[in-house]
Amino acid sequence: MKPIKFCDTTLRDGEQAAGVVFTPEEKREIVRQLSLAGVEQAEIGIPAMGAEEREVIRSIVEMGLPIRVSTWNRALKEDIDASRETGAEWVHLTIPTSDLQMKAKLHMGRQEIVGMIRRAVAYAQRFDLGISVGFEDASRAYTPFLMELVLMLHSDGIRRFRYADTVSMLQPVTMRERMRSLLGECPEDVELEVHCHNDFGMATANTLAAMEAGALWASTTVTGIGERAGNAAMEEVAMAWHHLYGGRTALDTIRFKELAETVSRAAGRPLPPAKPIVGTMVFTHESGIHVDGMLKNRETYQSFDPVEVGAEHRYVVGKHSGWKTVAHILREQGYRPERELSMELMREIRHEADKGKRLLEPEELVRMLIEIRSGLDGGRL
Ligand SMILES: [Zn+2]
């Protein structure tokens, strides 16, 4: 499989998530980490929102990081002018493409939309800006109309297009078919990006299906933060692309955990413990049967080595633990638990775990072991 590229929109779509606000410092830190992780492009804001937003975008541009920064704009002269003030070299120009959105949002028909985007493109080209054109609500648009737009804009010099599944209308099979038919008719030098939302939990799967069908750019956010149920998560798309599709990315996956923690802290949205790839508990094992298997051979219950994402396996003790896990953890603590104490120790562990609905710390196991041993000694004396 070919390598794919990432266009991160954590600072734009991510910040559009209800109640999420990043400070200027947090934005700069997030882009710095994205750049370190090898992300190719970051969409860092909407200049038309106002002077403050433009100021932050400018400060990020001035960091001079080895990542392409771009802004999100409507296909309007005033938006392009606002973006020019920031110094960003790339503009993303968006138009609604479904009849529903064209009519409801702009009271326009298809031909008026064509005129609008061509005028905006021509205007942006006067300033030598890199341009990508976004088809909002593309998944509900009439596909021949999208094709007409691509060909027309390609003749105007545009090579980069974003196909947005704005309200999550696709599943992987339909996404793959759509991409194949679009790309089948596109000139070879067209670079297609997909932007998927997660209302049905399909954003990652849909993005991967599009990549498999030939799209080059994945529009993602760190942890999938974004409007409503969010977007495709960068870390999920990248890891699955590598491990399930055998494809490559330029990303330094070891940085995923730190990035996820930075974004979730800045967003004020704690990471769910079982969040794929970056959750605190996704490499933590309690069940006796699983731990027993993993102690023999890690491949038994792992799909990839957590070291790849800067994490490691952790064995914890709780209600479902078995003696082998307990003995393993005690040995790590420097104790040699006696086999004949296992029944009593396990009874005590299950009692505590049940009572508190919780996991037990290694120190607690040590204390229990010592108490049981001393109880036996007391009996003998
Ligand atoms: Zn979006």
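The residue count restarts for each chain, going from 1 along the sequence in the order it is written. Owing to the predicted nature of the model, reporting of local features is limited to residues with pLDDT of at least 70; listing and counting of side-chain atom pairs is limited to 80 or more, with chain, interface and lining totals taken over all residues. Excluded from the side-chain calculations are hydrogens and water; all other atoms, namely the structure's heavy atoms, are used.

Some words on the coordination of the zinc ion
Metal coordination angles have textbook ideals: 109.5 degrees for a tetrahedral set of four donors and 90 or 180 degrees for an octahedral set of six.
Next, step 1: A 2.8 Å cut-off from the metal defines N, O and S donors, relaxed to 3.2 Å for Na, K and Ca; water is not in the atom list, so some sites may appear incomplete. Within the protein, the zinc ion binds to Asp13 (OD), His195 (NE2) and His197 (NE2); these donor distances fall in the range 2.0 to 2.1 Å.
Next, step 2: Taken in chain order, the donor set of the zinc ion reads D-x181-H-x1-H.
Next, step 3: Relative accessibility decides the category of a residue: with a 1.4 Å probe and only protein chains considered, values under 20% of the type maximum give buried, values over 50% give exposed, and everything between is partly exposed. A residue is classified by how much of its surface remains accessible, and His197, at 3% relative accessible area, is buried.

A closer look at the domain arrangement of the chain
Next, step 1: On domain assignment, one finds that the chain holds domain 1 (3-267) and domain 2 (284-380).
Next, step 2: All domain edges in this entry derive from an automatic or database-based domain assignment. Using only C-alpha atoms to locate each centre, domain 1 and domain 2 end up separated by 46 Å.
Next, step 3: Residue contacts are defined here by distance: any two heavy atoms, one from each residue, within 4.5 Å place the two residues in contact. The interface is formed by seven residues belonging to domain 1 together with seven residues belonging to domain 2.
Next, step 4: By convention, the term buried area covers the 1.4 Å-probe accessible surface removed from two parts as they join, with the contributions of both added. Carbon and sulfur atoms supply 62% of the area that domain 1 and domain 2 bury against each other, a total of about 510 Å² over both sides.
Next, step 5: The largest per-residue losses of area from domain 1 upon contact with domain 2 belong to Met239, His243 and Ile254, which jointly make up 66% of the total buried on that side.
Next, step 6: Within 3.5 Å is the distance limit for a polar contact, defined as a pair of N or O atoms, with the added protein rule that one can donate a hydrogen and the other accept it, and that residues adjacent in sequence qualify only through two side-chain atoms. For the interface between domain 1 and domain 2, the tally reads three residue pairs in polar contact (both at pLDDT 80 or more).
Next, step 7: Under the scheme used here, helices are H or I runs from DSSP no shorter than 4 residues and strands are E runs no shorter than 2 residues, and both carry numbers assigned from the N terminus. Within the residue set of the side of domain 1 that touches domain 2, elements represented by two or more residues are α10 (234-243) and α11 (256-267).
Next, step 8: Taken together, the residues that form the side of domain 1 that touches domain 2 break down as three nonpolar, three polar and one charged. In this count, Pro and Cys sit with the nonpolar residues alongside Ala, Val, Leu, Ile, Met, Phe, Trp and Tyr, while Asp, Glu, Lys and Arg are called charged and the others, Gly among them, polar.

What about the packing of helix α2 (residues 24-36) against α11?
Next, step 1: Every axis in this analysis is a line fitted to C-alpha atoms, fitted for helices over the stretch in contact. Angles between the N-to-C directions lie between 0 and 180 degrees. Interaxial distance between α2 and α11 falls to 10 Å at its minimum, and their mutual angle equals 165°. Classed by the angle they form, the pair α2 and α11 counts as roughly antiparallel. Where α2 crosses over α11, the handedness of that crossing is left-handed. Side by side, α2 and α11 meet where Glu26, Glu29, Ile30, Gln33 and Leu34 of the first sit next to Glu258, Leu259, Thr262, Val263 and Ala266 of the second.
Next, step 2: Classifying every residue of the contact of α2 with α11 by side-chain character gives five nonpolar, two polar and three charged. Roughly parallel means an angle under 35 degrees; roughly antiparallel, over 145; roughly perpendicular, 65 to 115; everything else is oblique. With the far helix as reference, a near helix turned anticlockwise by less than a right angle produces a left-handed crossing, and one turned clockwise produces a right-handed crossing.

Observations concerning the side chain of Thr97
Next, step 1: Its place among the elements puts Thr97 in the loop between β4 (90-96) and α5 (99-106).
Next, step 2: Polar contacts involving the side chain of Thr97 include one to the main-chain carbonyl oxygen of Glu136, which spans 2.7 Å.
Next, step 3: Setting aside residues up to four positions removed in sequence, Thr97 forms contacts with Met102, Phe135, Glu136, Asp137, Ala138, Ala141, Phe145, Leu146 and Leu149.

Here we look at the pattern of salt bridges
Next, step 1: One speaks of a salt bridge when a side-chain nitrogen belonging to Lys or Arg is within 4 Å of a carboxyl oxygen belonging to Asp or Glu. Scanning all chains against the criterion turns up 33 salt bridges.
Next, step 2: Glu85 is paired through a salt bridge with Arg54; the nearest N and O atoms lie 3.1 Å apart. Of the two residues, Glu85 is situated in the loop between α4 (77-84) and β4 and Arg54 in helix α3 (residues 51-61); the sequence distance between them amounts to 31 residues.
Next, step 3: Taking the shortest distance from any N to any O, the salt bridge between Asp156 and Arg118 comes out at 2.8 Å. Highlighted residues: Asp156 in the loop between α7 (143-155) and β6 (160-165) and Arg118 in helix α6 (residues 110-125), separated in sequence by 38 residues.
Next, step 4: Looking at Arg118, the relative accessible area reads 32%, which means it is partly exposed.
Next, step 5: When salt bridges with common partners are traced through the structure, they connect Arg12, Asp13, Glu43, Arg160, Arg162 and Glu193 into a single cluster.

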